[in-house]
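Structural features, examined
Below, each chain spelled out in residue letters.
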Amino acid sequence: MQTKILSTSEYDIRLAGKILAKGGLVAFPTETVYGLGANALDEEAVKHIYIAKGRPSDNPLIVHISDKADIAPLVKEITPKAQALFDAFFPAPLTVILPKSEKVGSIVSGGLDTVAVRVPENEIARRLIQAAGCPIAAPSANTSGLPSPTKAKYVIDDMRGKIDAIIDGGDCTFGVESTVITLATQTPTILRPGAITKEMIENVIGRVNVARAVLEGMKNNETAASPGMKYKHYAPKAKVVIVNADKQMYENFVNSKKNAFALCFENDNITIPKVTFGRENDDLSQAKELFDALRKLDEMGAKKVYARIPSTNGVGMAVYNRLIRAAAFKIIDLKKPFFIGLTGQTGAGKGYVSRQLEKLGFNIIDSDKIVKKIYENNPELLQRLAKEFGNDILIEGILDRKTLARRAFSSKENTEKLNQIVHPKVISLCEREAKPLAVLDAPQLFEANAQSKCYKIISVAASYETRLKRIMQRDNITMQQAERRIHAQLDESYYINHSDFVIYNNGEDIKTQIDKIMEEIL
Ligand code: TXA
Ligand code: MG
């Protein structure tokens, strides 16, 4: 089929109106996204919409009219709340669902006994509906599952050759589809958020609910209040993951990613390839650009995308609702503090790995430093230790670490006693100091029972000879002394069996190993 590309001239709109009246399909701009229209009262024409989009037949269409006076014949009854919404908003990016009249066929309504009606604000859309002389059923003009088109070129990409005509009316003002609210339930319920916000609606008709599926995924056994909720949506070819983080955290996180794209706000300082969707704290700009950004990512060949999280206030709820579907509900929550544990036998080179992780933006909690801090600033703890290991471990109130070590490490029991007193304090202080993306660098991670605090554990390992050499050099001690230290620790197999990842450090490439692990963890 040859698809005509039309302008917004009087002549072209009249032509498009005629095509619709005769049962053809025309894509046209609205203030939200482009719609794919057919005569809503012509079931044969409406069928072709489902075919052109590849849309499941149980997903009903919105019926567009140019004037609110034209709603009455389509619905059973205009309730006072419905009238109040029409009067307050129409024409607007708002769709209202009511029980349908006989006039509305079952193909338009997807087999339901309700109908969705909307008077668009966009002039071209209303002129077209008038020219057609009938209500126009129109879903968004994208191939089912792809982001809705906010520019004529995206409609051309998806629909050329499948429909009769496309009216090029420039960019859409809002960029996300209309707010959908049903009045066919006891309490009015928002099924899809849009530019007309919950607050705006509540100002007119009082309390409204927001369907749970708006901000969360649908459960497997849940029936959709709106069939559109259950289908895959707005999905670019790339895998999108939302990152819950503030600006700085997001930048640190994303800038360390290889072979990935950022879907971020205009002012974010990003060093990897990026596409922006509006400005932080400006929900309207985000709404306007989101779908365009998703399409651009595909054009750029993005495979993996890390998206900055939008706020869910005001129109932000609509932006979040679309983005979370584009991301198939995948979120990395960097705001929830969690540890990645880093441990290993002495001499394995844990310190080097820790510094590499710090360079990648991780917040390193060095448990050795914390232990020192505790000994320096905790008179109560010191008194307890003195009671256990002898008063002479304190010299004028200050801990003599050498004496303590001699006593505490003289037997297994004494070592355990010391650990029981000190470790819980260390871990709780580590937790207090942790910022998001924290790495707990702890040689005694297992002895302190800190596994349960760690989301994942990485051990650094090196051969016996390498460790021996490193310890002798580092601490300037004899081979015998070094061997004694090694044997006082848990053996290598314990570390390996109790860790999620092992980094080998006998001269292997550390950076590559870290990248691979972090890719999996995050
Ligand atoms: O902004 C918009 O609303 C755009 C422009 C073109 O007007 N249209 C649009 O239509 O987004 P569509 O078909 O892509 O999305 C309509 C949504 C779908 O999720 C559908 O399931 C829901 O509205 N819907 C339509 N009629 C319904 C009904 N009777 N009951 C429940 N949900 C309904
Ligand atoms: Mg759609």
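The text that follows walks through the structure, step by step, so that each part is easy to find. (Residues numbered from 1 in each chain as written. Chains lettered and ligands numbered in written order. Predicted model: local features only at pLDDT ≥ 70, side-chain atom pairs only at ≥ 80, totals over all residues. Heavy atoms only, no water.)

In the region of ligand 1, 25 residues are neighbours, and Thr32, Arg55, Asn59, His64 and Ser178 sit closest. Ser140 places a side-chain nitrogen or oxygen 3.0 Å from an oxygen atom of ligand 1. Within the contact set of ligand 1, an oxygen atom lies 2.5 Å away from a side-chain nitrogen or oxygen of Ser178. Counting only elements with at least two residues in the shell around ligand 1, the list comes to strand S4 (62–64), strand S6 (114–118) and strand S10 (189–192). When residues of the shell around ligand 1 are assigned to their parent elements, the largest contribution, three residues, is made by S6. For the shell around ligand 1, the per-class residue count stands at twelve nonpolar, nine polar and four charged. (Near = heavy atom within 4 Å. Polar contact = N/O pair within 3.5 Å; in protein donor to acceptor, adjacent residues only side chain to side chain. Helix = DSSP H or I, 4+ residues; strand = E, 2+ residues; numbered from the N terminus. Nonpolar A, V, L, I, M, F, W, Y, C, P; charged D, E, K, R; others polar.)

As a further point, take the sheet that holds strand S17 (residues 339–344). The strand order S18-S21-S17-S22-S23 describes an open sheet built from five strands, whose pairing is parallel. A strand with exactly one partner marks an edge of an open sheet, and here the two such strands are strand S18 (363–366) and strand S23 (501–504). On average, each strand axis in the sheet is tilted by 25° relative to the strand beside it, whichever way the strands run. Note: S17 against strand S21 (residues 438–441), four bridges, orientation parallel. Bridge pairing in S21 places Ile340 opposite Val439. Across the sheet, helix H14 (residues 412–433) lies against S17, S18 and S21, angled at about 160° from S18, the strand it touches most. Along the sheet, helix H18 (residues 510–521) contacts S17, strand S22 (454–461) and S23; its crossing angle with S23, the most-contacted strand, is approximately 170°. (Pairing = 2+ DSSP bridges. Axes fitted to C-alpha atoms, helices over the stretch in contact; angles between N-to-C directions. Contact = heavy atoms within 4.5 Å.)

What follows covers the nonpolar core. Counting residues in hydrophobic clusters, the biggest one holds 46 residues, and the most contacted among them are Leu36, Leu94, Val96, Ile181 and Ile201. At the level of secondary structure, the elements contributing two or more residues to this core comprise strand S3 (35–39), helix H2 (43–53), helix H3 (80–89), strand S5 (94–99), S6, helix H5 (152–159) and helix H6 (198–205). By residue number, the principal contributor to this core is H2, which donates five residues. Contacts of Leu94, omitting those with residues within four sequence positions, involve Phe89, Val117, Arg118, Ser178, Thr179, Ile181, Ile196 and Ile201. (Core = buried A, V, L, I, M, F, W, Y, C linked by side-chain atoms within 4.5 Å. Buried < 20%, exposed > 50% of the residue type's maximum accessible area, 1.4 Å probe, protein only.)

In total, this model carries six aromatic pairs according to the counting rule given. Consider the rings of Phe265 and Phe277, whose centres lie 4.9 Å apart with planes at 45°: the pair is tilted. Taken together, the residues span a long stretch of sequence, with Phe265 in the loop between strand S13 (261–264) and strand S14 (274–276) and Phe277 in the loop between S14 and helix H8 (283–299) at a distance of twelve residues. Judged by its relative accessible area of 3%, Phe265 falls in the buried class. Ring pairs connect the aromatic residues Phe446, Tyr494 and Tyr495, which therefore count as one cluster. Directly above the ring of Phe253 sits Lys257, whose terminal nitrogen or CZ lies 4.5 Å from the centroid. The cationic tip of Lys456 hangs over the ring face of Tyr455; the distance from NZ or CZ to the ring centre is 5.5 Å. (Phe/Tyr/Trp six-rings, centres within 6.5 Å; stacked < 30°, edge-to-face > 60°. Lys NZ or Arg CZ within 6 Å of the ring centre and 35° of its normal.)

At their nearest, the axes of helix H10 (residues 350–359) and H18 sit 11 Å apart, and the two run at 60° to each other. Judged by the angle between their axes, H10 and H18 are oblique. Considering only the axes of H10 and H18, their crossing is right-handed. Within the contact between the two elements, H10 uses Tyr352, Val353, Gln356 and Leu357 and H18 uses Ile510, Ile514 and Met518. (Parallel < 35°, antiparallel > 145°, perpendicular 65-115°, else oblique. Left-handed = near helix turned anticlockwise from the far one by under 90°.)

A few words now on the environment of Glu413. Looking at the element boundaries, Glu413 is found in helix H14. In sequence terms Glu413 and Ala238 are 175 residues apart; their C-alpha atoms lie 56 Å from each other.

What follows deals with H5. Of all the residues in H5, the buried ones are Ala152, Tyr154, Val155, Asp158 and Met159. Along H5, the residues classed as buried sweep out an arc of 160° about the axis, all on the same side. On the buried face of H5, the contacting elements are strand S2 (26–28), S3, H2, strand S8 (165–167) and H8. Where H5 terminates, the next one or two residues include Gly161, which has phi positive at roughly 90°. (Arc of directions from axis to C-beta.)

Here we come to the pairing of S3. Taken across its five residues, S3 has five buried, putting it largely inside the fold. Bridge count for S2 against S3 is three bridges, and the pairing is antiparallel. If you follow Ala27 over to S3, its bridge partner there is Leu36. Hairpin connection between S2 and S3: a loop of six residues separates the two successive antiparallel strands. Taken together, the two bridges between S3 and strand S7 (residues 136–137) define a ladder with antiparallel strand orientation. Opposite Ala38, over in S7, you have Ala137 as the bridge partner.

As a further point, take the pattern of salt bridges. Tallied over the full model, the rule gives 25 salt bridges. Here Glu388 and Lys417 are joined by a salt bridge, their closest N and O atoms 3.6 Å apart. Here Lys417 lies in helix H14 and Glu388 lies in helix H12 (residues 379–389), a separation of 29 residues in the sequence. The class for Glu388 is partly exposed, based on a relative accessible area of 39%. Three or more residues are tied together by salt bridges with common partners; here these are Lys151, Asp171, Asp292 and Lys296. (Salt bridge = Lys/Arg side-chain N within 4 Å of Asp/Glu carboxyl O.)

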